[in-house]
Amino acid sequence: MSKYSKNINKKQIRIALRNCGIIDPEIIEEYIARDGYHALGEVLTRQTPEETIELMKASGLRGRGGAGFPAGLKWDFARKNEADQKYVVCNADEGDPGAFMDRSILEGDPHSVLEAMAIVGRCIGSDMGYIYIRAEYPLAIARLKIAIEQAREYGLLGKDILGSGFNFDIDLKYGAGAFVCGEETALIHSMEGERGEPTLKPPFPAESGYMGKPTNVNNVETLANVPVIILKGAEWFSSIGTESSKGTKVFALAGKINNVGLIEVPMGTTLREVIFEIGGGIKDGKKFKAAQTGGPSGGCLTEKHLDTPIDYENLVANGSMMGSGGMIVMDEDDCMVSIARFYLDFTVEESCGKCAPCRIGNKRLHELLQRICEGKGEESDLVRLRNLGEVIKDTSLCGLGQSSPNPVLSTMDNFPEEYLSHVVDKKCTSGVCTDLLEYFIVEENCIGCTACARACPVGCISGERKEPHLINPDTCIKCGACMEKCKFDAVILK
Amino acid sequence: MSSVKIELRQDQVDKIHSICDSFGNQEGELINVLHKCQSTFGYLPAEVQEVISEKMEMPAAKVYGVVTFYSFFTMIPKGKHPISICTGTACYVRGAETVLNEFKKQLEIEVGETCEDGIFSLSCLRCVGACGLAPVVQVGDKTYGRVAPDDVKGIIEAYTG
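Rules used in this analysis
Residues numbered from 1 in each chain as written. Chains lettered and ligands numbered in written order. Predicted model: local features only at pLDDT ≥ 70, side-chain atom pairs only at ≥ 80, totals over all residues. Heavy atoms only, no water. Axes fitted to C-alpha atoms, helices over the stretch in contact; angles between N-to-C directions. Helix = DSSP H or I, 4+ residues; strand = E, 2+ residues; numbered from the N terminus. Parallel < 35°, antiparallel > 145°, perpendicular 65-115°, else oblique. Left-handed = near helix turned anticlockwise from the far one by under 90°. Contact = heavy atoms within 4.5 Å. Domains from an automatic or database assignment. Buried area = accessible area lost by both parts, 1.4 Å probe. Salt bridge = Lys/Arg side-chain N within 4 Å of Asp/Glu carboxyl O. Polar contact = N/O pair within 3.5 Å; in protein donor to acceptor, adjacent residues only side chain to side chain. Nonpolar A, V, L, I, M, F, W, Y, C, P; charged D, E, K, R; others polar. Expected span 1.5 Å × (residues − 1). Buried < 20%, exposed > 50% of the residue type's maximum accessible area, 1.4 Å probe, protein only. Arc of directions from axis to C-beta. Phe/Tyr/Trp six-rings, centres within 6.5 Å; stacked < 30°, edge-to-face > 60°.

**A short note on the packing of helix 1 (residues 10–22) of chain B against helix 2 (residues 30–41) of chain B**
Residues and elements named next belong to chain B.
Alright, step 1. Interhelical geometry of helix 1 versus helix 2 gives an angle of 150° and a closest axis separation of 9 Å. Relative to helix 2, the element helix 1 lies roughly antiparallel. Crossing angle aside, the handedness with which helix 1 passes helix 2 is right-handed. Residue-level contacts link Gln12, Lys15, Ile16, Ile19 and Cys20 of helix 1 to Val33, Lys36, Cys37, Thr40 and Phe41 of helix 2.

**Remarks on the environment of Ala140 of chain A**
All names here are of chain A.
Alright, step 1. Mapped onto the elements of the fold, Ala140 is located in helix 8 (residues 138–153).
Alright, step 2. Remark: the alpha-carbon pair of Ala140 and Asp435, spanning 295 residues in sequence, is separated by 42 Å.
Alright, step 3. Discounting residues that sit within four places of it in the chain, Ala140 has contacts with Leu106, Glu107 and Ile133.

**Some details on the domain arrangement of chain B**
Alright, step 1. In terms of domains, chain B is made up of domain 1 (10–69) and domain 2 (81–160).
Alright, step 2. Taken over C-alpha atoms, the centre of domain 1 of chain B sits 30 Å from the centre of domain 2 of chain B.

**A word on the interface of chain A and chain B**
The extent of an interface is frequently quoted as the accessible surface area lost upon association of the parts.
Alright, step 1. Across the contact, 46 residues belong to chain A and 30 residues belong to chain B.
Alright, step 2. Carbon and sulfur atoms supply 58% of the area that chain A and chain B bury against each other, a total of about 2,800 Å² over both sides.
Alright, step 3. When residues of chain A are sorted by the area they lose upon contact with chain B, Ala176, Arg195 and Phe342 of chain A head the list and together hold 21% of the total.
Alright, step 4. On inspection of chain A and its partner chain B, the count reaches two salt bridges.
Alright, step 5. As a salt-bridge pair, Glu194 of chain A and Lys62 of chain B come within 3.1 Å of each other at their nearest N and O atoms.
Alright, step 6. Where chain A touches chain B, the interface holds 13 residue pairs in polar contact (both at pLDDT 80 or more).
Alright, step 7. Elements that contribute at least two residues to the side of chain A that touches chain B include exactly strand 3 (169–174), helix 9 (184–191), strand 5 (248–255), strand 9 (326–331) and helix 14 (336–350) of chain A.
Alright, step 8. Broken down by element, the residue count for the side of chain A that touches chain B peaks at nine residues, all from helix 14 of chain A.
Alright, step 9. For the side of chain A that touches chain B, a count of residues per class yields 22 nonpolar, eight polar and 16 charged.

**Digging into helix 16 (residues 379–395) of chain A**
Residues and elements named next belong to chain A.
Alright, step 1. Helix length check: helix 16, at 17 residues, gives a terminal C-alpha distance of 25 Å against a target of 24 Å (1.5 Å per residue), a fit within 8%.
Alright, step 2. Of all the residues in helix 16, the buried ones are Asp381, Leu382, Leu385, Gly389 and Ile392. Down the axis, helix 16 shows its buried residues gathered within 105° of arc, on one side only. Among the exposed residues of helix 16, those pointing more than 90 degrees away from its buried face are Glu379, Val383 and Asp394.

**So, the domain arrangement of chain A**
Residues and elements named next belong to chain A.
Alright, step 1. For chain A, the domain assignment lists domain 1 (13–238), domain 2 (248–331), domain 3 (336–423) and domain 4 (438–493).
Alright, step 2. Placing a centre on the C-alpha atoms of domain 1 and another on those of domain 3 gives a separation of 35 Å.
Alright, step 3. Taken together, the contact between domain 1 and domain 3 spans twelve residues of the former and eight residues of the latter.
Alright, step 4. Both faces considered, domain 1 and domain 3 share a buried interface measuring about 870 Å² in area, 76% of it formed by carbon and sulfur atoms.
Alright, step 5. Considering only the side of domain 1, the residues that lose the most area to domain 3 are Phe179, Val180 and Pro198, jointly responsible for 47% of the buried surface there.
Alright, step 6. Summed over the shared surface of domain 1 and domain 3, the result is zero salt bridges.

**Things to note about the packing of aromatic side chains**
All names here are of chain A.
Alright, step 1. Per the counting criterion, the structure on display carries 14 aromatic pairs over all chains.
Alright, step 2. Consider the rings of Tyr87 and Tyr210, whose centres lie 4.9 Å apart with planes at 75°: the pair is edge-to-face. Residue Tyr87 is found in strand 1 (residues 87–92), and its partner Tyr210 is found in the loop between helix 9 and strand 4 (215–219); the two are separated by 123 residues along the sequence. A single burial state applies to Tyr87 and to Tyr210, both of which are buried.
Alright, step 3. For the ring pair Trp236 and Phe237, a centre distance of 6.2 Å and an interplane angle of 55° mean the geometry is tilted.
Alright, step 4. For Trp236, a relative accessible area of 25% gives the class partly exposed.
Alright, step 5. Classification of Phe237 as buried rests on a relative accessible area of 0%.
Alright, step 6. An aromatic cluster is defined as three or more aromatic residues linked by ring pairs; in this entry it consists of Tyr87, Tyr130 and Tyr210.

**Remarks on the pattern of salt bridges**
Residues and elements named next belong to chain A.
Alright, step 1. This structure, assessed with the given rule, holds 38 salt bridges over all chains.
Alright, step 2. The partner of Glu221 in a salt bridge is Lys249, with the nearest N and O atoms 2.6 Å apart. Of this pair, Glu221 sits in helix 10 (residues 220–232) while Lys249 sits in strand 5, and the two are 28 residues apart along the sequence. Here Glu221 matches Lys249 in class, with each residue buried.
Alright, step 3. Between Lys286 and Asp333 there is a salt bridge, and its shortest N-O distance comes to 2.8 Å. Taken together, the positions of Lys286 in the loop between helix 12 (271–278) and strand 7 (288–293) and Asp333 in the loop between strand 9 and helix 14 put the pair 47 residues apart, joining distant regions of the chain.
Alright, step 4. Members of the salt-bridge network, linked through shared partners, are Glu54, Lys57, Asp76 and Lys80.

Shown next, in the form of structure tokens:
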């Protein structure tokens, strides 16, 4: 155990991750022994669906997939829409790079998701559930299959569950690698075997979803919270967290941080507590620069946000968003312009191409950033970036486009000087954008052997024999010949 | 579609037919059918798509549309040992790009290509959810964590030596 282990556990409350790493996920008895399927029994025998929905509303549980829509309200909509068939869908298309809480829950505690789906089924009046899962998660798929089989054997899925007359079964649907399929309308089209393109809401899936029937879509982590809330009550759950964001949130800590991995903290925990107490601080004693939350839809939080309590509202107010809970920590060696370009690279590739603002706009945003990283940017490009970003946000069809400029806009807000130094001084202070770097001779290492000066094709290196040499940056063509020739590591890029 | 025409043997056509049948030839099961076919053939060439479209009674354009939409499906045959480099954010921040460049240099192929001898193919993927091990490289089913550019040569040699 590391010296940070005490702090790792002190600030955490495990609700969604309560069984991960504790039970054997392939043995249903172990889940049952930890109150598994008791909530389903409670819902089926002692509560009406209306009562269960009221309880969920009172608990304040909000969607953990990103947007934070109240779960109880969503169920209520699906319940009120009359239809001969309704569906429960679990969104396990965890496409946000850097987030892996859903995978961990599905691999470590698959029954909690199955139980919650049956509870949702009871509440909205559905007898069929689907888990839409990424094909990239083979272990999670295998464990889910085992769990479904065991639950059927125990009569916890299938016909007449626990003798209540309620029928519910679950099947798997596979994704095939498309980030946009995390958006619920796109996900539903993908389930139907189509291209995963989103459609305008309304109609919401609660009215017309899978096969045109009312469909309730919840994310894995949201569902994992449900059985505990039913057993421990709405009051208990809503006592954890902040005014508007109740309960806990799982974050995937990654990047330049000492303790990498999943953590579950009460809503309202500050970034400082997460990074410096639980996360054990920045790797190699470097300086904290930013934490990126919300993946390609989110933004950066910086030093000035360290003491802001993390909840849905505060993150949005600071130009980021909760997203699915990926938290990538960056240090002084990371260039924010190139990070923004990295995210745009992702968005451009993952845009489904249906609407023009997202398809064309993001491409242009990416080109602008590429130019800036290559040292060909102008100051007016910064105005263009901002204007274009705002238009894309306002006019895109779905959540992907509406949030894709966030990484650009938020880094521009928080690190304006870095953008300026890229376009005005043509310098990348973090030393990441290679096109902006200059060759430089370290005086202490140079013995004056003249090898570099002789190799230089443009003759921009001057200096006497046995004296430190100097590169003239104005005439240097950055060919790197000097660096290759130097045997004393005196030539560096900076 | 692809420029090289391949000839499907009768048993291969039968195999595709039986996959389609196992999903009831239902339009809504197209993605599952494609998953099965890709795991059987290793990739989804135009000819396979045509057989699926005929069998499931849907336009070939629709099958092609779905195949090209999802990054998991490929129309280019993968190498015997497909190499995938995770370029998710955590891996990127921890230097996935330098690792990727080293693979390109050593194998002399670009992303999405397969070596001439068919042993390796190179692709990028978005987050395998193993961010704690960043940067991550997968060769077939084997996962390598905390890969540095200096490790690349050794990884390749493990499959050729």
